[in-house]
Protein chains: 2
Amino acid sequence: MNLIIKPSDIEKKSFSIITQELGDRTFPAGQEEVVKRVIHTTADFDYADNLCFSENAIESAKDALSHGATIITDTNMAMSGISKTILSSLGGQVCCFMADKQVADEAKTRGVTRAIVSMEHAAKLDGPLIFAIGNAPTALIRLHELIEQGVCHPALVVGVPVGFVNVVESKELFIGGNTPYIIARGRKGGSNVAAAIINALQYQLVKREGF
Amino acid sequence: MNLIIKPSDIEKKSFSIITQELGDRTFPAGQEEVVKRVIHTTADFDYADNLCFSENAIESAKDALSHGATIITDTNMAMSGISKTILSSLGGQVCCFMADKQVADEAKTRGVTRAIVSMEHAAKLDGPLIFAIGNAPTALIRLHELIEQGVCHPALVVGVPVGFVNVVESKELFIGGNTPYIIARGRKGGSNVAAAIINALQYQLVKREGF
């Protein structure tokens, strides 16, 4: 085994293999970095076809991130996978309300998912908001309602919940809409995919060490 | 959209869809739960073919978990995705050394990955050990060396790093070996897959709320 051990070299080599295997597929600037990073995270080339971008998604995300955006995730796992160093250097932060006792209590009382209550809490936050939903379709559905009601105006919705029940439909709510979005059409996605997309956007704004 | 919002109902319905789509594929008891949970986590049926189990993997894992195993991950993301409630009720815990300053310093001095140093630290831990490697092939390679040297005797190695460089080869080191293993053969895997496998094993030991 030709053991490359410098993580930045492994990443460069990986992206070179991904580029090669994508062949003559081309993507608009900004979207290409997202598609490749998701494939890097999953080793799943389906994402070259699944990922849908609103026309203004990359620009809106980069603008929000460079102005200290708050990223809201629907799992601690996605929060954990988002690189904090660059984000905080840009004045941004990431938060997840899923494990909050207040959210859990309110969800129980109302008989709804914690994901729904989390979105309602997040909608009240100040500043540019980016939602990174990799797990709960109910989060995405509630978020869409809050946007329709004018309660919330996200700079970007990353809609990549994974699964078999309500998932496909929850994503379709955003396709073609006015809110900037990056959606993984179909069943696939996940917390890792949500984190990878946010990281791919961040990395476009700074020079990373070793790259 | 027929909006089922009770998470346990969504999960039951999802598993029923997965079972249906797997058709007449059958898996040994214990392995079936793992395969289905990984598909539930990824919506990727490739894992029905990719996942390889040593003959004793499920039994060894369940025995370790019921005796308060320590689970070592190679990412904070995998650690974050592992359900802690059941684990701690069984006397177990999960840890990850990747963000430790001591590990980072030592890795820098020696010019190796933090994943390698993390495995060396983990190998010294007491009690039954389960390794859940979803990211770094260098972690899996170093772990294999430590096992060969007799320094470490894991109850289970979950070897599911994802990627394009050294990944396939690092997994093949374990196939057919004496250490109990669950390996995702090929390029696919990830922190989410590692966490899903550990959760599928835990859930076999207890009655979960709502199920």
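Residues numbered from 1 in each chain as written. Chains lettered and ligands numbered in written order. Predicted model: local features only at pLDDT ≥ 70, side-chain atom pairs only at ≥ 80, totals over all residues. Heavy atoms only, no water.

This part takes up the overall build of chain A. Summing up its helical and strand segments, chain A has 11 helices and six strands in all. Taking 211 residues into account, the globule formula puts the C-alpha radius of gyration at 17 Å, and chain A, at 17 Å, falls close to it. Expressed as lengths along the three principal axes of its C-alpha atoms, the size of chain A is roughly 55 × 35 × 35 Å. Looking at chain A as a whole, 60% of its 211 residues are labelled buried. Of the contacts formed within chain A by residues at least 6 apart in sequence, a portion of 63% connects residues at least 24 apart. Counting only carbon and sulfur atoms, one obtains 48% of the accessible surface of chain A, whose full area is about 8,800 Å². (Helix = DSSP H or I, 4+ residues; strand = E, 2+ residues; numbered from the N terminus. Rg over C-alpha atoms; globule rule 2.2 N^0.38 Å. Buried < 20%, exposed > 50% of the residue type's maximum accessible area, 1.4 Å probe, protein only. Contact = heavy atoms within 4.5 Å. Areas by Shrake-Rupley, 256 points an atom, 1.4 Å probe, with all protein chains shown as cover.)

Before going further, it helps to examine the UniProt feature "domain: Cobalamin biosynthesis precorrin-8X methylmutase CobH/CbiC" (unreviewed entry) in chain A. Mapped onto this structure's residue numbering, the UniProt feature "domain: Cobalamin biosynthesis precorrin-8X methylmutase CobH/CbiC" (unreviewed entry) falls at residues 9-203 of chain A. Along residues 9-203 of chain A one finds 53% helix and 12% strand; the C-alpha atoms at either end are 16 Å apart. (UniProt positions renumbered as here; feature names shortened; annotations may be inferred.)

Between chain A and chain B, the contact holds 42 residues from the first and 42 residues from the second. Of the roughly 3,200 Å² buried where chain A meets chain B, counting both sides, 71% is carbon and sulfur surface. Viewed at the interface, chain B and chain A are joined by four salt bridges. Among the elements that line the side of chain A that touches chain B, the one with the most residues is helix α1 (residues 7-22) of chain A, at seven residues. A breakdown of the residues in the side of chain A that touches chain B according to their chemical character gives 19 nonpolar, 17 polar and six charged. (Buried area = accessible area lost by both parts, 1.4 Å probe. Salt bridge = Lys/Arg side-chain N within 4 Å of Asp/Glu carboxyl O. Nonpolar A, V, L, I, M, F, W, Y, C, P; charged D, E, K, R; others polar.)

Turning our attention to unusual backbone geometry. Residues and elements named next belong to chain A. Positioned with a positive phi, Ala43 is a non-glycine residue whose angle comes to about 55°. As for its position among the elements, Ala43 is in the loop between α2 (31-42) and α3 (47-50). Its relative accessible area of 7% is what places Ala43 among the buried residues.

With that out of the way, let us pick up the packing of aromatic side chains. Scanning the entire structure with this criterion turns up two aromatic pairs over all chains. Where A:Phe45 meets B:Phe164, the ring centres are 6.0 Å apart and the plane angle is 85°; that geometry is what we call edge-to-face. Of this pair, A:Phe45 sits in the loop between α2 and α3 while B:Phe164 sits in the loop between β5 (156-159) and α10 (167-172), which puts the two residues in different chains. The ring of B:Tyr203 has B:Arg208 lying over it, and the distance from NZ or CZ to the ring centre is 3.7 Å. (Phe/Tyr/Trp six-rings, centres within 6.5 Å; stacked < 30°, edge-to-face > 60°. Lys NZ or Arg CZ within 6 Å of the ring centre and 35° of its normal.)

A few words now on the pairing of strand β2 (residues 70-73) of chain A. Residues and elements named next belong to chain A. Residue alternation in β2 divides its side chains into two sets, Thr70 and Ile72 and Ile71 and Thr73, and both sets are buried. Across three bridges, β2 lies against strand β3 (residues 93-95) in parallel orientation. Residue Ile71 lies in a different strand from β3, and its bridge partner there is Val94. Here four bridges tie β2 to strand β4 (residues 129-133), and the two strands are oriented parallel to one another. Within β4, the residue paired with Thr70 across the bridge is Leu129. (Pairing = 2+ DSSP bridges.)

What follows concerns the pairing of strand β6 (residues 181-184) of chain A. Residue and element names in this part refer to chain A. Going residue by residue along β6, you find Tyr181 and Ile183 tucked away on one face and Ile182 and Ala184 tucked away on the opposite face as well. Across three bridges, strand β1 (residues 51-53) lies against β6 in antiparallel orientation. By the bridge assignment, Leu51 is partnered in β6 with Ala184. Read as a crossover between parallel neighbours, the route from strand β5 (residues 156-159) over helix α10 (residues 167-172) to β6 is right-handed. (Right-handed = clockwise from strand over helix to strand, strands pointing away.)

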